[in-house]
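# Descriptive analysis of the structure
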Amino acid sequence: MIRTRFPPSPTGFLHVGGLRTALYNYLYARKHGGKFVFRIEDTDRARAVPGATENLIETLQWAGLDYDEGPYIQSQRTDLYKKYADELLKLGAAYQCFCTAERLEKMRNEQEAHKLAPKYDRHCLKLPAAEKEKLIAAQTPFVIRQKIPASGEVAWNDLVRGDVTFQCETIDDQILLKSDGFPTYHLANVVDDHLMEITHVIRGEEWLSSTPKHILLYRALGWKQPEFGHLPLLLNKDRTKLSKRQGDVAVEDYRKKGYLPEAVINFIALLGWHPGGDETNEIFSLVELIEKFSIEKVHKGGAIFDLEKLDWMNWQWRRRKFEAQQGDHEEKLLKLCDEFLPTEWKTNKEFLKRCLRTVEEKILQRPSETKQYIEFYFKESFDVPVDLIANPKMKVDLSTAKTALSGVIEALESFEKFDNQEALKTHLLEVVAKLGLKNGQVFWPTRVALTGEQFSPGVFEVLWALGKEMAIERLKKALKNL
Ligand code: GLU
């Protein structure tokens, strides 16, 4: 059975890259009828952040990624890691290292001065047995280090990157168990992946250089190694590594901003992966993603984190969810923003519903802003700023505005089909022709006179929403003030 895992360290909020890793592991397990295991890797006590574990759990829940097992907490399993560290010592695949922090620092400085890659110099591997015993007897603190073979190579066929090879001589003798008895990531991760029978390790590219160390541990302990797949980095639009400086990186931030989990999951799934087929089809639910997911189709190159696309997807998902609800369209719209509207606006429901229709797209995106979007409909009176109505760009001066408004008023007074936007349009286009003006020269002053706003829904929508009486009244008032 396929078993995947998501093992974050509780060092802060869940990063969008972390969510993608979780998602791919989740999709892979679900697709193959396997299990998705959740584990908290909290053995680095210095980096643990209070509340981070709870936040990780909540964020996964919000995203809809339910796990089958866990969370397993590594800090509650330290005896296990100690046991395997001892076993590695016995097997000769690890050794005690008594080096002091000062000695290691000196060593590192020297390596740096000689432009050498930082790497433990194996001082303690070469310690004579007698000396080692003396140090142990004196209770000198020590760490346990992995003994990497002096030569040879470690290779594997990566699920994403294909063949990957590391030369042993480039690999550091990693610390496995610290002097306080806590394991490092490498030991705890391998022990747990083995004990939890993980078959597929899918993780970020930043762990690529850890994998040969892990493979050597599997080999030393005689364990079957899982398959490995390393996901490409997430990039900013300028192809630099995704960073806080260029926008939000915590899933939490998007959640707080009101992005729908469906949209975030959809967006994240397509960062470096697409099911193939019609490339323009980009809207997938979690169920569809499970059905279509394949790790082989994950791209090798970095994936660009494009916020505009996320906004677009969020919009698509709001629409979808809205349409999927039962009930009358306008009632649904009203329900969405009801709590944000003043009660006195609700006395004329039919009028309110028409107003809402004209700003529907905006409401779907930000229901809480509805009041602001339709405020102009409810103003008893407002002054139409002369310098707004006269618009040189539209070739509208004061006298054109006057001509346009009186022409429109006259034409509307004898017009009855206000409930039909198309008919309104045809009718007013005739006015434009009759006055010998351009569309904008008539529609701009009309719309501004009706709304008092620089930006608003289009003129025919506004006329339709206001209805004949109110529309003509507003137009007349504006004309008088010009
Ligand atoms: N604890 C590691 C992290 O924080 C897990 C990496 C892995 O998947 O092996 O991402």
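Predicted model, so just to flag it, every value in this text is computed and none were measured.

Counting along an α-helix, one turn takes 3.6 residues, and residues three or four places apart therefore face a common direction. Within helix H6 (residues 185–195), nine of the eleven residues are buried, leaving the element largely enclosed by the surrounding structure. Along its buried surface, H6 packs onto strand S1 (3–6), strand S2 (35–40), helix H3 (78–91), strand S8 (175–177), strand S9 (200–204) and helix H7 (211–221). Directly after H6, the chain includes Glu197, whose backbone phi takes a positive value near 55°.

Within the largest apolar cluster, 54 residues are counted, with the highest numbers of intra-cluster contacts made by Ile374, Tyr377, Leu412 and Leu463. Per element, the largest residue contribution to this core is eleven residues, and it comes from helix H20 (residues 459–481). Beyond its immediate stretch of four places on either side in the chain, Leu463 contacts Leu412, Phe418, Leu424, Leu428, Leu450 and Ala471. Judged by nonpolar contacts, the second largest core, of 53 residues, contains Phe6, Ala22, Val249 and Trp317.

The next thing to look at is the site of the ligand. All residues adjacent to the ligand are Arg5, Pro7, Ser9, Glu41, Tyr185, Asn189, Arg203 and Trp207. In this structure, Asn189 approaches the ligand through a side-chain N or O atom, which is 3.1 Å from an oxygen atom. The side chain of Arg203 places a nitrogen or oxygen atom 2.8 Å from an oxygen atom of the ligand. The protein chains hide 85% of the 300 Å² of surface that the ligand would expose on its own. In the shell around the ligand, the residues fall into three nonpolar, two polar and three charged.

Here S1 shows a buried face lined by Arg3 and Arg5 and a second buried face lined by Thr4 and Phe6. Pairing between S1 and S2: four bridges, direction parallel. If you follow Thr4 over to S2, its bridge partner there is Phe36. Running through helix H1 (residues 16–31), the crossover from S1 to the neighbouring parallel element S2 is right-handed.

Turning our attention to the packing of aromatic side chains. One pass over the full model with this rule turns up 21 aromatic pairs. Each ring, one from Phe376 and one from Tyr377, has its centre 4.1 Å from the other, and the planes form 35°; the classification is tilted. Through a chain of ring-to-ring contacts, the aromatic side chains of Trp345, Phe351, Phe376, Tyr377 and Phe378 assemble into a single cluster. In this structure, Arg145 packs its charged tip against the face of Tyr120, placed 3.7 Å from the ring centre. Above the plane of the ring of Trp317 lies Arg320, whose end atom (NZ or CZ) is 4.8 Å from the centre.

The rules we used
Residues numbered from 1 in each chain as written. Predicted model: local features only at pLDDT ≥ 70, side-chain atom pairs only at ≥ 80, totals over all residues. Heavy atoms only, no water. Buried < 20%, exposed > 50% of the residue type's maximum accessible area, 1.4 Å probe, protein only. Helix = DSSP H or I, 4+ residues; strand = E, 2+ residues; numbered from the N terminus. Contact = heavy atoms within 4.5 Å. Core = buried A, V, L, I, M, F, W, Y, C linked by side-chain atoms within 4.5 Å. Near = heavy atom within 4 Å. Polar contact = N/O pair within 3.5 Å; in protein donor to acceptor, adjacent residues only side chain to side chain. Areas by Shrake-Rupley, 256 points an atom, 1.4 Å probe, with all protein chains shown as cover. Nonpolar A, V, L, I, M, F, W, Y, C, P; charged D, E, K, R; others polar. Pairing = 2+ DSSP bridges. Right-handed = clockwise from strand over helix to strand, strands pointing away. Phe/Tyr/Trp six-rings, centres within 6.5 Å; stacked < 30°, edge-to-face > 60°. Lys NZ or Arg CZ within 6 Å of the ring centre and 35° of its normal.

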